[in-house]
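Notes for the structure review
The chain contents come next:
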Amino acid sequence: MSTDISAALFIAGCIWFLCGVVAAIIASRRDRSEGGFFLLGFFFGPLGVLAAVLASPGTPRAPKGTRAVMCPRCNARQNVPTTQDQYECWQCKLVISRSAAA
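Overview of the structure. Just so you know, these numbers come straight off a predicted model, no measurement behind them.

**Concerning unusual backbone geometry**
At N75, a residue that is not glycine, the phi angle is positive and equals roughly 60°. Here N75 shows up in the loop between β1 (66-70) and β2 (77-81). Phi at K93 takes a positive value of approximately 65°, unusual for a residue other than glycine. Mapped onto the elements, K93 comes out in the loop between β3 (86-88) and β4 (95-97).

This is the structure we're talking about:
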């Protein structure tokens, strides 16, 4: 009898762990926190996976060698090389220096 219960708990634990992994994979493809959605999927099982599917896509990370900046005038987001001290906003054409953007 106790082996039946421990086997059922082991299977349930494996399913919940698998739900956490699936939620983390879905979250990473949608530019969301993998760790947060893993915990959500682990503790809430299929509901955590559903939450990962229904979550809105996040903001993608800036590519390597660039930094993400927001224009102070129009709030347009763009990636600027890390070595560049000055850039022009692609939307409103405002020229912004690194010291002004910080």
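So much for the structure itself; the text now carries on.
**Observations regarding the packing of helix α1 (residues 2-29) against helix α3 (residues 46-54)**
When two helices pack together, their arrangement is given by the angle between the helix axes and by the axis-to-axis distance. Orientation of α1 relative to α3, taken along the N-to-C sense of each, is 5°, at an axis distance of 8 Å. When the axis of α1 is compared with that of α3, the two are roughly parallel. Where α1 abuts α3, its residues W16, C19, V22, A23 and I26 lie against P46, G48, V49, A52 and V53. Residues that form the contact of α1 with α3 fall into these classes: 9 nonpolar, 1 polar and no charged.

**Thoughts on α3**
Of all the residues in α3, the buried ones are G48, V49 and A52. On an axial view of α3, the arc spanned by its buried residues comes to 100°, and they lie on one face. Residues of α3 that are exposed and point more than 90 degrees away from the buried face comprise L47 and L54. For α3, the secondary structure elements touched by its buried residues are α1 and α2 (34-44).

**Observations concerning the packing of aromatic side chains**
Per the counting criterion, the structure on display carries 3 aromatic pairs. On the numbers, 5.7 Å between centres and 80° between planes, the contact of F17 with F38 is edge-to-face. Highlighted residues: F17 in helix α1 and F38 in helix α2, separated in sequence by 21 residues. Accessibility expressed as a relative area gives 23% for F38, which makes it partly exposed.

**Let's talk about a nonpolar patch on the surface**
A cluster of nonpolar side chains, L39, F43, F44, L47, L50, V53 and L54, forms an exposed patch at the surface whose accessible area comes to about 750 Å². At 4 residues, α3 tops the list of elements feeding residues into the nonpolar patch. Relative to the helices and strands, F44 is located in helix α2.

**Considerations on α1**
Given a rise of 1.5 Å per residue, 28 residues ought to cover 40 Å, and the 41 Å separating the end C-alpha atoms of α1 matches this to within 8%. If you follow the buried residues of α1, they end up packed against α2 and α3. Positive backbone phi, approximately 55°, marks D31, located one or two places after α1.

Criteria and cut-off values
- Residues numbered from 1 in each chain as written.
- Predicted model: local features only at pLDDT ≥ 70, side-chain atom pairs only at ≥ 80, totals over all residues.
- Heavy atoms only, no water.
- Helix = DSSP H or I, 4+ residues; strand = E, 2+ residues; numbered from the N terminus.
- Axes fitted to C-alpha atoms, helices over the stretch in contact; angles between N-to-C directions.
- Parallel < 35°, antiparallel > 145°, perpendicular 65-115°, else oblique.
- Contact = heavy atoms within 4.5 Å.
- Nonpolar A, V, L, I, M, F, W, Y, C, P; charged D, E, K, R; others polar.
- Buried < 20%, exposed > 50% of the residue type's maximum accessible area, 1.4 Å probe, protein only.
- Arc of directions from axis to C-beta.
- Phe/Tyr/Trp six-rings, centres within 6.5 Å; stacked < 30°, edge-to-face > 60°.
- Patch = residues over 30% accessible without salt bridge, like charges linked within 9 Å, V, L, I, M, F, W, Y side chains within 5 Å.
- Areas by Shrake-Rupley, 256 points an atom, 1.4 Å probe, with all protein chains shown as cover.
- Salt bridge = Lys/Arg side-chain N within 4 Å of Asp/Glu carboxyl O.
- Expected span 1.5 Å × (residues − 1).

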